[in-house]
Amino acid sequence: MLIALIARDKAGALQTRLDNRTAHLAYIEETGVVAQAGPLLDGDAMIGSLVILDVENLAAAEAWAANDPYALAGLFDSVELIPWKKVIG
């Protein structure tokens, strides 16, 4: 099941993002469920994340999101988990 995780950073939280980026990328690597990922941008500024998870169910996506180092560091103002269907690419 593909789930789109759309997270918006808290205002002024760029340093939190930068401080936790290495741990976030390691988490992506070790969990092996991320199909695609990258930051949301406002110009050149990172303001959130889009992560496509390939997981068994929504509960697995919720668990992944809750344990993401970015989430544990309090980076996000909001997080949405939305079932997604790949059509192109």
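Residues numbered from 1 in each chain as written. Predicted model: local features only at pLDDT ≥ 70, side-chain atom pairs only at ≥ 80, totals over all residues. Heavy atoms only, no water.

Chemist: Which residues make up the sheet that holds strand β2 (residues 34–42), and what values do they have?
Modeler: Read across the sheet, four strands follow the order β2-β3-β1-β4 without closing on themselves; strand pairing throughout is antiparallel. In the strand order of this sheet, the two ends are held by β2 and β4 (76–83), each with one partner. Taken pair by pair, the neighbouring strands of this sheet meet at an average axis angle of 15°, ignoring direction. Sheet topology places β2 next to strand β3 (residues 45–54); eight bridges connect them, and they run antiparallel. Across the sheet, residue Ala37 finds its bridge partner in β3, namely Val51. (Pairing = 2+ DSSP bridges. Helix = DSSP H or I, 4+ residues; strand = E, 2+ residues; numbered from the N terminus. Axes fitted to C-alpha atoms, helices over the stretch in contact; angles between N-to-C directions.)

Chemist: Run through the side chain of Asp68, naming residues and quoting values.
Modeler: Secondary-structure assignment places Asp68 in the loop between α2 (58–67) and α3 (69–72). In this structure Asp68 is buried but unpaired, with Arg17 as the nearest side chain of opposite charge at 8.0 Å. With sequence-adjacent residues up to four places away left out, Asp68 is seen in contact with His24, Tyr27 and Phe76. (Buried < 20%, exposed > 50% of the residue type's maximum accessible area, 1.4 Å probe, protein only. Lys, Arg positive; Asp, Glu negative; His and termini not counted. Salt bridge = Lys/Arg side-chain N within 4 Å of Asp/Glu carboxyl O. Contact = heavy atoms within 4.5 Å.)

Geometry only, nothing functional implied.
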